[in-house]
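Okay, here's what each chain looks like letter by letter:
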Amino acid sequence: MTVVSSSRYSTGEIATAEAAESFSWEAPVPVNRFWDSFSYGTARSFLGNFSDAELEQLAIDPVVIDSDNTADQQKKLQLLLQLLRNKLANEETAHSRPQSLYDVDYKRWPDESNVVPLHMLAEYFVKAGKYKEAEEIARPVCEWMDACSHLGKTSPQAINTRGIITRALWGQGPSRRSEAEALIANIRELVDGMGESKFCIYQKEEVRLNKEMLADLKLEI
């Protein structure tokens, strides 16, 4: 793979690969003709399956494929699918039966400190209208993120979790809405403070998400 000097963040911002790698949840997506036609999520989902050394060996040339050509886009998708299939086949072959890759590759599975499934569950409960359950799940997740050394209150993850709690409180009716409004004020303060934190690259995105939440709740605060 051709070495590039810049990469895309999940927010769409452009930065050096080194800067993107300072956040463990970011997977730097190269900025070139090949990858620019894919969304960040699609590119990250593919790239995250390979080590840096493996990526260097992949038969991906950003110059030879026209990113504006629909047929070439299909060729790219077919190429990525084949590369993933080759990767899976190689890893399955490396493990003798009756053990499968599923059983052996423990490093791929989350440990007890992984709050992502709980975060996703709380978000789902809000969408499903199970607001009390969502709040009960999201609060300890938020506390964990606030205390986590590589996250903290101004991290996008912690702010997003506060948004889930806000929606959960609001959905529980008038008796909880003063709490929701207080949390909205807290989120606004945290987002304002992101500009002077290591998470400044995410500030613009968090401002946008906060506005969307207020619009959804039909609030003007």
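Counting restarts for each chain: residues are numbered from 1 in the order of the written sequence. Residue-level local features of this predicted model are given only where pLDDT is at least 70; pairs of side-chain atoms are given and counted only at 80 or more, and the full residue set underlies all totals for whole chains, interfaces and linings. The basis for every side-chain value is the complete set of heavy atoms in the structure, and neither hydrogens nor water enter the calculation.

*Asks:* Sorry, what's going on with a nonpolar patch on the surface here?
*Replies:* Patch membership needs two things, relative accessible area over 30% and no salt bridge, and members are linked within 9 Å if like-charged or within 5 Å if nonpolar (Val, Leu, Ile, Met, Phe, Trp, Tyr). Values of accessible area rely on a 1.4 Å probe in the Shrake-Rupley scheme; residue burial ignores everything except the protein chains shown. The term salt bridge refers to a pairing of a side-chain nitrogen on Lys or Arg with a carboxyl oxygen on Asp or Glu at a separation within 4 Å. On the surface, Leu118, Leu121 and Tyr124 cluster together into a nonpolar patch covering about 280 Å² of accessible area. Counting from the N terminus, the helices are the DSSP runs of H or I reaching at least four residues and the strands are the DSSP runs of E reaching at least two. Looking at the secondary structure, you find leucine 118 in helix α6 (residues 116–127).

*Asks:* Just to check I follow, could you spell out the pattern of salt bridges for this structure?
*Replies:* A side chain of one charge can pair with a side chain of the opposite charge when the charged atoms of the two come close. All told, the structure shown has nine salt bridges when counted by the stated rule. Measuring nitrogen to oxygen at the nearest pair gives 2.9 Å for the salt bridge that ties arginine 176 to glutamate 135. Residue arginine 176 is found in the loop between α8 (156–171) and α9 (177–193), and its partner glutamate 135 is found in helix α7 (residues 131–147); the two are separated by 41 residues along the sequence. Under the relative-accessibility criterion, glutamate 135 is labelled buried at 9%. To sort residues, take the accessible area from a 1.4 Å probe on protein chains only and compare it with the maximum for the residue type: under 20% means buried, over 50% means exposed, and anything in between is partly exposed.

*Asks:* Is there a simple way to think about the packing of aromatic side chains in this case?
*Replies:* Aromatic rings from Phe, Tyr and Trp, taking only the six-membered ring of Trp, are treated as a pair when their centres fall within 6.5 Å; an angle between ring planes under 30 degrees marks them as stacked, one over 60 as edge-to-face, and anything in between as tilted. By the definition in use, this model includes five aromatic pairs. With a centroid separation of 4.9 Å and 70° between ring planes, the pair formed by phenylalanine 34 and tryptophan 35 is classed as edge-to-face. According to the relative accessible area criterion, phenylalanine 34 is buried, its value standing at 1%. Residue tryptophan 35 is classed as buried on the basis of its relative accessible area, which comes to 1%. Aromatic pair tryptophan 35 and phenylalanine 46: ring centres 5.7 Å apart, planes at 40°, arrangement tilted. Residue tryptophan 35 is found in the loop between β3 (29–30) and α2 (40–47), and its partner phenylalanine 46 is found in helix α2; the two are separated by eleven residues along the sequence. Chaining the aromatic ring pairs together yields one cluster made of Phe34, Trp35, Phe38 and Phe46.

*Asks:* Explain the side chain of glutamate 135 to me, please; I cannot follow it from the model alone.
*Replies:* Two N or O atoms count as a polar contact when they lie within 3.5 Å, although within protein this holds only if one can serve as hydrogen donor and the other as acceptor, and sequence-adjacent residues are included solely when both atoms are side-chain atoms. Side chain to side chain, glutamate 135 and glutamine 172 meet in a polar contact 2.9 Å long. Only 2.9 Å separates the side chain of glutamate 135 from the side chain of arginine 176, close enough to count as a polar contact.

*Asks:* What exactly am I supposed to notice about helix α10 (residues 203–216) here?
*Replies:* Every α-helix carries 3.6 residues per turn, so stepping three or four residues along brings you back to the same face. In this analysis, the expected span of each helix is defined as 1.5 Å times one less than the number of residues it contains. In this model, α10 (14 residues) spans 20 Å end to end at C-alpha, consistent with the 20 Å of a helix rising 1.5 Å per residue. Restricting attention to buried positions, one finds in α10 the residues Glu206, Asn210, Met213 and Leu214. Here the buried residues of α10 occupy an arc of 95° about the axis, which is enough to place them on one side. Exposed and oriented more than 90 degrees from the buried face of α10 are Lys204, Lys211 and Ala215. Of the residues flanking the end of α10, it is lysine 218, one or two places downstream, whose phi is positive at about 60°. Within this analysis, the arc is defined by the directions that extend from the helix axis to the C-beta atoms.

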